[in-house]
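Structure assessment
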Amino acid sequence: MSELLSMKGITIEFPGVKALDNVDFSLNAGEIHSLLGENGAGKSTLIKCLTGVNHMDEGKIYLEGKEIRPSSPMEAIETGISTVFQEVNLCPNLSVAENIFVGRQPMKHRQINWREINQRAEELMSRFHLDIDVTRPLSYYSTAIQQMTSIARAVDIQAKVLILDEPTSSLDENEVQLLFSVMRELKANGMGIIFITHFLDQIYAVSDRMTILRNGHLVGTYGINELSKVELVTKMVGKDMDVIFNLKRADVKPDSRITLQANHIGDSSHIKDISLTLKEGELLGFAGLLGSGRTETAEMLFGASRIVQGEIILDGTKLNLTKPFDAIKAKIAFCPEDRKRDGIIGDLSIRENIMLAVQSRKGFMKPMTRQEQTDLANKYIALLGIATPDCEKKAGELSGGNQQKVILARWMAAEPEVLILDEPTRGIDIGAKAEIQRLMLEMCGSGVSVIFISSELDEIIRCSNRIVIMRDREKVAEIDGSSCTQQDILKIIAEGAA
Amino acid sequence: MHNRQSLLNRITNPKYIMVYATIGIFLIVYAFGAFMYSDKGFLTIRTFANLFIDNAYYGISAVGMTMVLITGGIDLSVGAVASLTGMFIAYGTTVLGLHPMTCILASLVMGVGLGLLMGWVIHYLNVPAFITTLTGMFFARGVCSLISRESIDIHHPFIDALAGWKIYLMKYANGQWVRIRPIAFINFNVILFVIMIIIGTFILQRTRFGRNIYAIGGNEQSASLMGLPSGRTKILVYGFNGLCSVLAGVSYALYVKSGWNLSLQGGELEVITCAVIGGTLLTGGVGSMIGTLFGVLLKSVIPALITFNGNLLSWWGKIATGLLLLLFICIQRFVVTSAGKRK
């Protein structure tokens, strides 16, 4: 196989950190090569350097033996390197067809040839087994179709190198399989594909080789059969898996007092009748499929959606929650599912993000001094191990795992009695996951009651004292966390019987 | 195969919703006028032609403004630039004795130059368009007052000829062409307006530059990641809007035959209103020339209705326009959120 792309000795320094240190990478024609590493390991930096977004301080890039130095995304595309980013980087207002061709529309008599655009787009999408109206705006379609559109664009550009940066995070199983078949087809046509994902199974399903990065250093490049999954994780994290997940369940005594109690609560639309209790220092897991009512229940407990029936009792007093502020005052905290949309305020610094809940509870008439704020922020940065040069860095510039820690810090600083975490480990890597879980359990140890919502059953089982199982917007079972298996839970989710 | 060719499917494409809303509401308002005042001649071609004649200068400016708004920007300088153009022509011909074409050329250099400069500042210095063009507005208005603080009449054979030039609308009857009754005509301004709408449509629909405008308005970051020249496009859009402002200024000078340093104050807001009730999204990415054309007509039919009524104060026109604007912003909100929900 011929070498298509080769990156040698790539070094990139950002103020204060070496993001990449002497990293080599190579890609053959007709190969799917996975790029692995934890968040912040330097995967994105390497990709950005290849696509001309970041500029390297040292190192050389060769494409088909010729040295290239892309200085802008446009230039990278022209040299034959196309990227499909995790977040769909297309224009929602343009039609599917136009998104594929904008900037390089076929012309006829010096005018855009719409007929050809729509026809060719239709052909491309049907290659992906998608029979859709390509003249409708992109925003009209699901994320999966949007993702396919951006792949279609890259394919039609006749890229030599295709970079897929977390393309599967918003796709369901069928869509993932569809994507894989497209990837295999492209590979057969001699394209080199760089594939980045957090899902280890997917790496083994399609890749030929994998390259592992850790803290900006190259760990190594391996054939897909050379490493087992456990060895792979060990190399990514730099520690053994057993050490990473050496967690101890929260210790709850049978006579611990009940902090939060919900009796037959329901909201105006979906949830009819949910009852649950939460003890001091207990971790209660919420399992169930997406859309089973987990998030809606959490929102009711936080006052984000209004309850129309039932009651919520905290420490023996009935709460009247009409808005999140009421819940915050009652010392209930909630980390929402979509941290980019609902949690982190990217343009504010880490310090300001941490201060939000504290300040909101204290009231804005009693501001904290700058020094108090800095001390508090630094305390949590150290406690949670947030990787940042200082507390004034913008939260939006942190990696996903570190952003999640900032949100955790925000609520820890507010000293809640009840903490509700909705998918706190989604989209972050395995090391950061373990750390978030450890932090949750530590908070339980200090007497906080935690509700932990997750789609990943293994982490629910690993951490929870009790597990509430939701199905079709109802609570169908509540089981003991220490004595159940994934099969038990799956069975209940599938069949609905306790 | 999906039948995208089918007429029904084309018509129901959600990208046309805003245009339908504008045309629909215009037709309703027009039909209302026809029903109430047809005896006073509301339905005549003359009334319709007058909608164009009395608002052509807003329409010409709205062509450029639509493009600016589609990129997600805004330009508050258009009224002042148009007013300055009027001052250039009035002062140049009446006081300095220059030929009006020289003055118009000078205005074009000034208007396009200022537009390009503002576009450059907005893109490369990353200053919000609102602030940048507000500065441009104060600058142009200031220069107006430097030239003269009195209204200057324009007396020049060229201007008189251009302003007086009309095409009478004819009909064929009894074997010969006769002027329709009541007499209706269109003038230079109307033709310029229609030409600008056609040019604008061509740019937006048929050129890569035009499609880049939409892409930038949809998501500027994505647009540049897709390799589109966002900086160049934005600068040229503000330059083109400068051109439209100057042409609007020429058109207004022909309409009132004078230059005044305080003319067209608030004109930029009228122009933005035309574009918005024509279906242009203030957040960018959506808009069309045909929508803007109907936006101008819709906005101008209201004062016409009030005139025909004869009993209402003209200020009711402002209130009605405000309500229309509110209605359209609500429709836009609804369209945007319902599109977002399908994800």
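Definitions and cut-offs
Residues numbered from 1 in each chain as written. Chains lettered and ligands numbered in written order. Predicted model: local features only at pLDDT ≥ 70, side-chain atom pairs only at ≥ 80, totals over all residues. Heavy atoms only, no water. Helix = DSSP H or I, 4+ residues; strand = E, 2+ residues; numbered from the N terminus. Buried < 20%, exposed > 50% of the residue type's maximum accessible area, 1.4 Å probe, protein only. Contact = heavy atoms within 4.5 Å. Areas by Shrake-Rupley, 256 points an atom, 1.4 Å probe, with all protein chains shown as cover. Lys, Arg positive; Asp, Glu negative; His and termini not counted. Charge placed at Lys NZ, Arg CZ, Asp CG, Glu CD. Pairing = 2+ DSSP bridges. Axes fitted to C-alpha atoms, helices over the stretch in contact; angles between N-to-C directions. Expected span 1.5 Å × (residues − 1). Parallel < 35°, antiparallel > 145°, perpendicular 65-115°, else oblique. Nonpolar A, V, L, I, M, F, W, Y, C, P; charged D, E, K, R; others polar. Salt bridge = Lys/Arg side-chain N within 4 Å of Asp/Glu carboxyl O. Domains from an automatic or database assignment. Core = buried A, V, L, I, M, F, W, Y, C linked by side-chain atoms within 4.5 Å. Buried area = accessible area lost by both parts, 1.4 Å probe. Polar contact = N/O pair within 3.5 Å; in protein donor to acceptor, adjacent residues only side chain to side chain.

**A short note on the overall build of chain B**
- When helices and strands are counted, chain B shows 14 helices and six strands.
- Considering chain B as a whole, with its 343 residues, one finds that 52% of them fall into the buried category.
- Long-range contacts, defined here as pairs at least 24 residues apart, represent 75% of the contacts in chain B between residues at least 6 apart.
- Surface summary for chain B: the accessible area is close to 15,800 Å², and the carbon and sulfur share equals 68%.
- Averaging the positions of the 23 positive and the 9 negative side-chain charges in chain B gives two centres separated by 16 Å.

**Here we look at the sheet that holds strand S6 (residues 81-84) of chain A**
All names here are of chain A.
- Overall, mixed pairing links the six strands, which are arranged S6-S9-S10-S3-S11-S12 in an open sheet. The open sheet has two free edges, formed respectively by S6 and strand S12 (217-223), since each of these has just one partner strand. Between one strand axis and the next, the sheet turns by 20° as a mean value, whatever way the strands run.
- Running at roughly 35° to strand S11 (residues 209-214), helix H8 (residues 229-237) makes contact with strand S3 (31-36), S11 and S12 of the sheet.

**A look at helix H4 (residues 78-95) of chain B**
Residues and elements named next belong to chain B.
- With 18 residues, H4 should reach 26 Å at 1.5 Å per residue; the first-to-last C-alpha distance of 25 Å fits that figure.
- Taken across its 18 residues, H4 has 14 buried, putting it largely inside the fold.
- Positive phi shows up at Gly 97, right after H4, with a value of about 75°.

**Some thoughts on the packing of helix H8 (residues 188-206) of chain B against helix H13 (residues 289-309) of chain B**
Residue and element names in this part refer to chain B.
- At a minimum axis distance of 9 Å, the contact between H8 and H13 shows a crossing angle of 150°. In terms of axis orientation, H8 runs roughly antiparallel to H13. Contacts between H8 and H13 involve Phe 193, Ile 197, Gly 200, Thr 201 and Leu 204 from the first element and Met 289, Leu 293 and Val 296 from the second.
- Within the contact of H8 with H13, the residues separate by chemical class into six nonpolar, two polar and no charged.

**Some thoughts on the pairing of strand S15 (residues 283-287) of chain A**
Residue and element names in this part refer to chain A.
- The buried count for S15 comes to five of five residues, which makes it a mostly enclosed element.
- Side chains Leu 283, Gly 285 and Ala 287 project from S15 onto one buried face, and the interleaved Leu 284 and Phe 286 project onto a second face that is buried too.
- Where S15 meets strand S20 (residues 449-453), four bridges bridge the pair, whose relative direction is parallel. Paired with Gly 285 across the two strands is Phe 452, which belongs to S20.
- Taken together, the four bridges between S15 and strand S21 (residues 466-471) define a ladder with parallel strand orientation. In the strand pairing of S21, Leu 284 is matched with Arg 466.

**A few points about the pattern of salt bridges**
- Inspection of the entire model under this criterion finds 27 salt bridges over all chains.
- Linking Arg 211 of chain B and Glu 98 of chain A is a salt bridge whose minimum nitrogen-to-oxygen distance equals 2.3 Å. Here Arg 211 of chain B is found in helix H9 (residues 208-218), whereas its partner Glu 98 of chain A is found in helix H3 (residues 96-101) on a different chain. Across the pair, Glu 98 of chain A and Arg 211 of chain B agree in class, each one buried.
- The salt bridge partner of Glu 478 of chain A is Arg 466 of chain A, with a shortest N-O separation of 2.3 Å. Here Glu 478 of chain A, found in strand S22 (residues 474-480), pairs with Arg 466 of chain A, found in strand S21; they are twelve residues apart in sequence, far enough to count as distant.
- Arg 466 of chain A sits in the buried class, given a relative accessible area of 15%.
- One network of salt bridges, with partners in common, ties together Arg 104, Glu 116, Arg 120 and Asp 156 of chain A.

**A few points about the domain arrangement of chain A**
- When cut into domains, chain A gives domain 1 (3-238) and domain 2 (245-495).
- Look at where the C-alpha atoms of domain 1 of chain A and domain 2 of chain A centre, and you get two points 34 Å apart.

**Here we look at the nonpolar core**
- Counting residues in each nonpolar core, the largest one holds 136 residues, and the members touching the most others are Met 125 and Met 183 of chain A together with Leu 298 and Val 301 of chain B.
- Of all the elements, helix H3 (residues 45-70) of chain B adds the most residues to this core, at 14 residues.
- Non-local contacts of Val 301 of chain B, meaning those with residues more than four positions away in its chain, are made with Phe 26, Val 29, Tyr 30, Phe 42 and Leu 51 of chain B.
- Grouped together as the second largest cluster of nonpolar side chains are 71 residues, Leu 247, Ala 262, Leu 319 and Ala 409 of chain A included.

**Remarks on the environment of Met 137 of chain B**
Residue and element names in this part refer to chain B.
- Inspection of the secondary structure puts Met 137 in helix H6 (residues 129-147).
- C-alpha of Met 137 to C-alpha of Phe 334: the two residues are 197 residues apart in sequence and 33 Å apart in space.
- Beyond its immediate chain neighbours, meaning those up to four positions away, Met 137 contacts Leu 76, Ser 77, Ala 80 and Glu 268.

**Things to note about the interface of chain A and chain B**
- Residue-level contacts link 38 residues of chain A with 31 residues of chain B.
- Taken together, the two surfaces of chain A and chain B that pack against each other cover about 3,100 Å², and 56% of this comes from carbon and sulfur.
- Between the two partners, chain A and chain B, sit ten residue pairs in polar contact (both at pLDDT 80 or more).
- For the side of chain A that touches chain B, the secondary-structure elements that each account for two or more residues are helix H2 (73-79), H3, strand S8 (111-112), helix H4 (114-127) and helix H5 (143-156) of chain A.
- Of the residues contributing to the side of chain A that touches chain B, the split by class is 19 nonpolar, eleven polar and eight charged.

**What to know about unusual backbone geometry**
- A cis geometry characterises the amide bond from Arg 181 of chain B onward to Pro 182 of chain B, with omega recorded as -10°.
- Among the secondary structure elements, Pro 182 of chain B is positioned in the loop between strand S4 (176-179) and strand S5 (185-187).
- One non-glycine residue, Arg 110 of chain A, lies in the positive phi region at around 60°.
- Locating Arg 110 of chain A in the fold gives a position in the loop between strand S7 (107-108) and S8.
- You will see that Asn 215 of chain A, though not glycine, has its phi angle at about 50°, which is positive.

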